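Inside the fold
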Amino acid sequence: MRVILVLCFLWANSLLACGKDETVKIEPFAKMEQDYNFVNLIGYQVFVPEMSKGYYLTSFYLGVKDAVVASLNFSEAFGYKGYYSVIFQVKPEKLDALTITLSYSTTKDKKGMVMCGEQVQLNLKELLNATQPKMVIPPPPPPREVNNGV
């Protein structure tokens, strides 16, 4: 009986060793989007992690120093699992005046009052130079069944 217990213990430890938490750190990045250029404005798409230090992304703010701050809508980033993205246009010479602030909280559904969390400040020029992960195109969804009343 003791031998079986020892074997089970060693087997359980080997399972834990195989399941090491090798969480890949998800870093924010940005890229220029030619499809969103408008007159003399350049389109930029910013990709930010869904989670940071155990908190969920709840707000994305874009500001111009001493002028304006706006909350932008973000959505799940296509082809980048674990990221949300937002697109906006700005004159390239105004990049230094921009501030990007992300708010993270314990509110997973992004609704209701936020009681605690953290804010992250980002610089668009640095995000444009950050390493971009490889885009992974998800497979198409399975076809829906059609019921013709039969």
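These numbers come from a predicted model, not from an experiment. (Residues numbered from 1 in each chain as written. Predicted model: local features only at pLDDT ≥ 70, side-chain atom pairs only at ≥ 80, totals over all residues. Heavy atoms only, no water.)

Focus: the packing of aromatic side chains
To be explicit about the condition: Ring pairs shown here join Phe, Tyr and Trp side chains whose ring centres sit within 6.5 Å, with only the six-membered ring taken for Trp; geometry is labelled stacked below 30 degrees between planes, edge-to-face above 60, and tilted in between. By the criteria applied, helices consist of DSSP H or I runs no shorter than four residues and strands consist of E runs no shorter than two, each listed in order from the N terminus. Relative accessible area decides the class of each residue, using a 1.4 Å probe on protein chains only: under 20% of the type maximum gives buried, over 50% gives exposed, and in between gives partly exposed.
Summed over the entire model, instances satisfying the criterion amount to seven aromatic pairs. Measuring from ring centre to ring centre gives 5.3 Å for Phe-29 and Tyr-83, while their planes differ by 75°; the resulting arrangement is edge-to-face. Residue Phe-29 is found in strand E1 (residues 29–32), and its partner Tyr-83 is found in strand E7 (residues 83–90); the two are separated by 54 residues along the sequence. Of the two residues examined, Phe-29 and Tyr-83, each falls in the buried class. Ring centres of Tyr-44 and Phe-88 lie 6.3 Å apart, and the angle between their planes is 35°; on these two criteria the pair is classed as tilted. Of the two residues, Tyr-44 is situated in strand E2 (residues 42–49) and Phe-88 in strand E7; the sequence distance between them amounts to 44 residues. Each residue in the set Phe-29, Phe-47, Tyr-80 and Tyr-83 is aromatic and connected to the rest through ring pairs, giving one cluster.

Observations regarding the sheet that holds E1
Which entries qualify depends on this criterion: DSSP calls a pair of strands paired once it identifies at least 2 bridges connecting them.
If you walk across this open sheet you meet the four strands as E1-E2-E7-E6, and the pairing is antiparallel. Looking at strand neighbours, the two that pair on one side only are E1 and strand E6 (75–76), the edges of this open sheet. Note that E6 and E7 share two bridges and pair antiparallel. Among the inter-strand pairings, Glu-76 is bridged to a residue of E7, identified as Tyr-84.

Considerations on the nonpolar core
As a reminder of what qualifies: In these notes, a set of buried Ala, Val, Leu, Ile, Met, Phe, Trp, Tyr and Cys residues joined through side-chain atoms within 4.5 Å is what counts as a nonpolar core. The contact criterion used is simple: two residues touch if any of their non-hydrogen atoms lie within 4.5 Å.
By size, the foremost hydrophobic cluster in this structure holds 21 residues, and its most contacted members are Val-46, Val-48, Phe-60, Phe-88, Ile-100, Leu-102 and Leu-124. For Phe-88, the residues in contact, after removing those within four places along its chain, are Ile-42, Gly-43, Tyr-44, Val-46, Leu-62, Leu-72, Leu-98 and Leu-124. Counting five residues, the second largest nonpolar core, distinct from the first, contains Phe-29, Phe-47, Ala-77 and Tyr-80.

Side note on a nonpolar patch on the surface
Rule in force here: Note on patches: the residues involved have over 30% relative accessible area and no salt bridge, like charges join within 9 Å, and the nonpolar side chains Val, Leu, Ile, Met, Phe, Trp and Tyr join within 5 Å. Each accessible area value is a Shrake-Rupley result obtained with a 1.4 Å probe; residue values ignore everything except the protein chains displayed when judging cover. Here, a salt bridge means any side-chain nitrogen of Lys or Arg that lies within 4 Å of a carboxyl oxygen of Asp or Glu.
Together, Phe-78, Met-135 and Ile-137 make up a nonpolar patch on the protein surface, roughly 310 Å² of accessible area in all. Tracing the chain through its elements places Ile-137 in the segment after helix H2 (124–129).

Overview of the pattern of salt bridges
One pass over the structure, following the stated rule, counts two salt bridges. Glu-118 is paired through a salt bridge with Lys-53; the nearest N and O atoms lie 3.9 Å apart. Of this pair, Glu-118 sits in strand E9 (residues 117–122) while Lys-53 is found in the loop between strand E3 (51–52) and strand E4 (55–64), placing the two residues 65 residues apart along the sequence. Judged by its relative accessible area of 71%, Lys-53 is exposed.

What to know about the confidence of the model for the protein chain
Definition in use: Along the chain, pLDDT gives the predictor's confidence residue by residue, from 0 to 100.
Looking at the protein chain, pLDDT values average 82 and 79% of them are 70 or higher. When the criterion is pLDDT under 50, residues 5–23 qualifies, and its contacts beyond four places in sequence or with other chains add up to zero contacts.

Thoughts on the side chain of Ser-59
Summarising the element assignment, Ser-59 is placed in strand E4. On the accessibility criterion, Ser-59 (16% relative accessible area) is buried. If near-sequence neighbours (up to four positions away) are discounted, Ser-59 is found in contact with Phe-74, Thr-101, Leu-102 and Ser-103.

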